There are 2 protein chains.
Amino acid sequence: MVTTAASVNLLKLLQDKATRLRIDSIRATTAAGSGHPTSCASAADIVSVLFFSVMRFDPKQPHNPANDVFVLSKGHAAPVLYSAWSEAGLFPREHLLTLRQTSSDLEGHPTPKLPYVDVATGSLGQGLPVGLGIALNAKLEKSDQRVYVLMGDGESAEGSVWESAELGGNDALDNLCAIIDVNRLGQSGPTMLQHHMEVYKARWEAFGWHAIVVDGHDISALLKAFDEAEETKGKPTIILARTLKGKGIVGIEDKEGWHGKPLPKEEADRAVAVLEKSLTGEADSWTPKLPDQRATPAVPITGAMPKSPYAIGGKEVATRKAFGDALHELGKVNPRVVALDADVKNSTFTEEFMTTAPQRFFEGYIAEQNMVGMSMGLAARGKIPFCSTFACFFTRAFDFIRMAAISQLNVKFAGTHVGVSIGEDGPSQMGLEDIAMFAAEPNYTVLYPSDATSAWAATMLAAELVGPTYIRLGRPNNPIVYSPDEKFEIGKSKVLRQGNNDRILVVAAGVTLFEALKAYDELKKGGIDIRVVDLFSVQPIDRATLVASARAAGNQVITVEDHYSHGGLGDAVQSVLSSERIPVYKIAVTEIPHSGKPQELVEKFGISSKSIVAKVKELL
Amino acid sequence: MVTTAASVNLLKLLQDKATRLRIDSIRATTAAGSGHPTSCASAADIVSVLFFSVMRFDPKQPHNPANDVFVLSKGHAAPVLYSAWSEAGLFPREHLLTLRQTSSDLEGHPTPKLPYVDVATGSLGQGLPVGLGIALNAKLEKSDQRVYVLMGDGESAEGSVWESAELGGNDALDNLCAIIDVNRLGQSGPTMLQHHMEVYKARWEAFGWHAIVVDGHDISALLKAFDEAEETKGKPTIILARTLKGKGIVGIEDKEGWHGKPLPKEEADRAVAVLEKSLTGEADSWTPKLPDQRATPAVPITGAMPKSPYAIGGKEVATRKAFGDALHELGKVNPRVVALDADVKNSTFTEEFMTTAPQRFFEGYIAEQNMVGMSMGLAARGKIPFCSTFACFFTRAFDFIRMAAISQLNVKFAGTHVGVSIGEDGPSQMGLEDIAMFAAEPNYTVLYPSDATSAWAATMLAAELVGPTYIRLGRPNNPIVYSPDEKFEIGKSKVLRQGNNDRILVVAAGVTLFEALKAYDELKKGGIDIRVVDLFSVQPIDRATLVASARAAGNQVITVEDHYSHGGLGDAVQSVLSSERIPVYKIAVTEIPHSGKPQELVEKFGISSKSIVAKVKELL
């Protein structure tokens, strides 16, 4: 193949493209005064081969869903990605010089504000889990799209990469090809494995991948490796590319101490001059390989949003069970809905969905980072992924949750088993910081249903909403307090108890709502009226209802929650009532809990009706 | 060895011990009405061999630092651990029946409230990182202590396990032996690899471990494997034990659908009766193998706490640099201090410590979960670990941070590069939810120094304090506002500007403190006096100073922070001022940020002096 005239031209073309990527990366980072030119230079040949020979994509339609997909997991090499799209003709080369400016779309690390980026990268080890999600989506859609994920060698130390390695092998994702740019040098010193390519190979093979070791600066060898990847069936391929950091930059190639440093102007000019000399002029003869242009017919939604089946006063149901029921019904009518779970599907009740729509259920096993990453990939490609596990185990994937916020992805998280009310399993299984975690991200919607009807509603609302959403779900069975006709809205609370003589407002959600209702009954007996609000929507919060309810109820508020005190429901309520000078007294879990019976723990850790009654009496 | 009379007795003894562990696990979980008897049963032979033949430990002194160490990573098998210590004589068998009760120390998953537990487990995939930390500590102390970590097979899907696998191999920790109880069944279905022992073996060998596949119910084979592990030098060993879930429990062995379910009373009695029949009476002849009883001489602290070298008005210094400087000096006088970093030591400035005390510096590479887990292990063994990376990347290890809270461990976290003020690198590198994360844990101390002097002080205070601590550090250089003689305390703030006509209180920390000081100057020119408090200690918070300052400054407060709005500094301040009916107006980052120059971003995202001035004017 390398001996024909046509391929000689292709080699020159790709070599020239790679040289231009290097030149652009040097120029852009020098202009910005920061950035990672040496990390771009090691990857330039790989990116050139991918963009200008291997991948089928329409450079005028970066959003075309049929395009092959490129995920730059080593996000700090952003300039090489930007340069590749500029080379492909999407925007003029001069725009690259706006890199990292406040007003530019070319940020320090890529984000999906750019039409050719699926997810924000820059937190390492996230590209492969996302790539798995995109590859799963292609399989689901029976598309022949291929997915390429470019990683750095340093980042392959992240556990999330190995979670994806085992899942990618297990799921036999042969439409996925990962590449590691093994340039030997991390930020602060050599990587663990440096250039021990045989160790990389043994590891990936052991995880079920077809592994190819290649000189990452040999265009012809790279072309052959990508061909081999495409021909490999039944398993994903990893191309382990031995490279040099700063390759092609005179005086800097393979040198330590050059991570994340732009070249000073003079050195940059010298380096660019050397690179320019090697250009053959072949680069401009590139024409894109377009993808299959047949439009995929949209899969129709086959029914209206299913209605909650629970009757007020009916059999007690856990909110997690209602979520599972709702997801199950939702899956029947909406083919965009997919579900992922981390080996707790019999506790989150997503097994109901699995039974009905097994092809849209993805078992994530006990590997939460990869599960969330796959959800991100699926969301980036138009699916509505519901991703579930115990709330506490989402802390495992906080960095992915954070990056999903930056990416503004349409991922739905359902966290079950929150708070001390899970009981005997003890603190390691109790989600007590999940509101703090999810609500910290300013663009996340956080819903906290209390009964089965509202949990059902929350599930439907999450599916309709476009944007990252968290639903907080409990383990114990609770009474049904809302009728199936009750209308829930994001950003709206429910006033559950009110009268003309309310002397204090109690705001709760989940199990503590029932404690508040118990407190209401008990105080009522003693002639004290309180108003009770079911918060339901923690973020956005129902400022109007809270202010009005507090004003009508003595201008004093108690919040009560099965969550730690900082960053929970109480802080959310305080944030809207503080400026109104309405005091909010938080009742929450304030110490590390213990195993025990659920109701005993609710008492012991001070979030029961007794604590509410005592606080009300203290305040009046 | 298995042919001598003595060893025949040993085999019987260990078989009997294993049988008793099974009986106890069944009885305790049936009494509790919840728990995981089948996960205990698969591990019983392994635990029996470890406790009653392999490990050297003093059963009367579970805290003896010379004991060999056992970490039950599969924490849901807690009853088998409790039973082993009861069998060893630490407490009477009847106590096991208090399992999972509110008043019992025998919780659903082990916690260090028990003298024989180093860290809380129950969130899977954490035992091995902790074990690495303990093994590193033994190497550092030149102790011949051996460390055994028992994992489940389901949990070996966690990326954190593979982070530890690569680091354990890289660090050649031959005093570490991990065991996987490969019982084939997860919670909700079979594991990914089921009984494909050869795949496990290939993976661990590829990660540099000596791997031994063994029948996990063959006592003699287990003894041989542990001998081989002890003899293996230059690499850690993993024993891959093929087991059956529920082994020895009639009717349940190797059956799906029995995860986390106690046996009903009648079935339990029947199972116990069968097991009891197999007892030979050999178990009571056990005598412990005691560890080396020579006391390790305590390493003396060689000097007083070093004093900050920065002068007011001197050269601007970043708080991260001051942290690095302080840690460096601290390391010289306090040999208990160790440092861990995730390939950003040239950004966190922990490379200064590394230079002085290379044997106490552990490069964690880009594998934050394992780094935090190792810190937990080191802390459990008396070290004072300072664990550092960019604040945003600690989100990667939130589940470890959470479990360190449950374990009440003495770990110190230093998170650098917080907020939009990092500038050009963009949102993926900005820590904007780190206060929400760390302060959610009720027993964490959270310090947020603003200048180099206070960052130095925070480092020293963290070292002195016993308990988990987070220090929030910034990227940009800031002026020095405190003299080296200024005394900082945990739980105390500093009033930096005050007068007799203060009309509003502004509370800030980090870069926003300097914005507040600028606002002070500007407002002063216009004849408006404001009071400025440097919060310094976010948790615990200085209620007295905040209330007094707010009262003296118009009963109105503005908080300003380079952090997202929910769960940050503002919420902490609101929580103490709400009940005082003092309104708190939060100025924080309220949207996903962008790349740009630091000061431009501080302006753009509304946390600059301009925003403060505007808010003050609006309120007055």
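So, here is what we can say about the structure in this document. (Residues numbered from 1 in each chain as written. Chains lettered and ligands numbered in written order. Predicted model: local features only at pLDDT ≥ 70, side-chain atom pairs only at ≥ 80, totals over all residues. Heavy atoms only, no water.)

## Notes on the relation of the copies chain A and chain B
Then step 1. Rotating chain A by 180° about the axis while translating it 0.0 Å along that axis superimposes it on chain B, leaving an RMSD of 0.0 Å. What we have between these two chains is a two-fold relation. The rotation axis passes nearest to the C-alpha of A:Gly159 in chain A, at a distance of 1.8 Å.
Then step 2. Most of the interface of chain A is mirrored in chain B, where 100% of its interface residues are also at the interface. (Least-squares fit on C-alpha atoms with pLDDT ≥ 70 in both. Contact = heavy atoms within 4.5 Å.)

## Considering the sheet that holds strand E5 (residues 237–242) of chain B
All names here are of chain B.
Then step 1. Pairing in this open sheet of five strands is parallel, and the strands run E1-E2-E3-E5-E4 from one edge to the other. Looking along the sheet, the strands with just one partner apiece sit at the ends: strand E1 (69–72) and strand E4 (210–215). Pairwise comparison of adjacent strand axes, ignoring direction, gives a mean angle of 20° for this sheet.
Then step 2. One ladder, built from six bridges, connects E4 with E5; its direction is parallel. Its bridge partner lying in E5, Asp215 is registered against Arg242.
Then step 3. Of the strands in this sheet, E1, strand E2 (147–152) and strand E3 (176–182) are in contact with helix H4 (residues 127–140), which crosses E2 at around 175°.
Then step 4. Contacts between helix H6 (residues 197–206) and the sheet are confined to E2, E3, E4 and E5, with E5 contributing the most and set at about 170° to the helix. (Pairing = 2+ DSSP bridges. Helix = DSSP H or I, 4+ residues; strand = E, 2+ residues; numbered from the N terminus. Axes fitted to C-alpha atoms, helices over the stretch in contact; angles between N-to-C directions.)

## Examining the interface of chain A and chain B
Then step 1. Counting from both sides, the interface comprises 108 residues of chain A and, opposite them, 108 residues of chain B.
Then step 2. Across the chain A to chain B interface the summed buried area is about 8400 Å²; carbon plus sulfur atoms make up 50%.
Then step 3. Notably, a salt bridge pairs A:Arg396 with B:Glu158, separated by 3.6 Å at the nearest N-O pair.
Then step 4. If you look at where chain A meets chain B, you find 59 residue pairs in polar contact (both at pLDDT 80 or more).
Then step 5. For the side of chain A that touches chain B, the class distribution of residues is 38 nonpolar, 44 polar and 26 charged. (Buried area = accessible area lost by both parts, 1.4 Å probe. Salt bridge = Lys/Arg side-chain N within 4 Å of Asp/Glu carboxyl O. Polar contact = N/O pair within 3.5 Å; in protein donor to acceptor, adjacent residues only side chain to side chain. Nonpolar A, V, L, I, M, F, W, Y, C, P; charged D, E, K, R; others polar.)

## Some details on the pairing of strand E18 (residues 557–564) of chain A
All names here are of chain A.
Then step 1. When you tally the buried positions in E18, you get eight out of eight residues, the bulk of the element.
Then step 2. Bridging between strand E15 (residues 505–508) and E18 involves four bridges; their strand directions are parallel. Note that in E18 the partner of Leu505 across the bridge is Val557.
Then step 3. Remark: the E18/helix H18 (residues 569–577)/strand E19 (residues 584–589) crossover connection has right-handed handedness. (Buried < 20%, exposed > 50% of the residue type's maximum accessible area, 1.4 Å probe, protein only. Right-handed = clockwise from strand over helix to strand, strands pointing away.)

## Things to note about unusual backbone geometry
Then step 1. Residues A:Gln539 and A:Pro540 are joined by a peptide bond in cis, for which omega reads -5°.
Then step 2. With respect to the helices and strands, the residue A:Pro540 is situated in the loop between strand E17 (536–539) and helix H17 (543–552).
Then step 3. Positive phi values are uncommon outside glycine, yet A:His417 reaches one of about 60°.
Then step 4. Among the structural elements, A:His417 can be located in the loop between strand E10 (412–416) and helix H14 (434–440).
Then step 5. Using a relative accessible area of 3% as the deciding quantity, one classes A:His417 as buried.
Then step 6. Although it is not a glycine, B:Gln194 sits at a positive phi angle of roughly 45°.
Then step 7. Within the element layout of this structure, B:Gln194 appears in the loop between E3 and H6.
Then step 8. We classify B:Gln194 as partly exposed; its relative accessible area is 29%.

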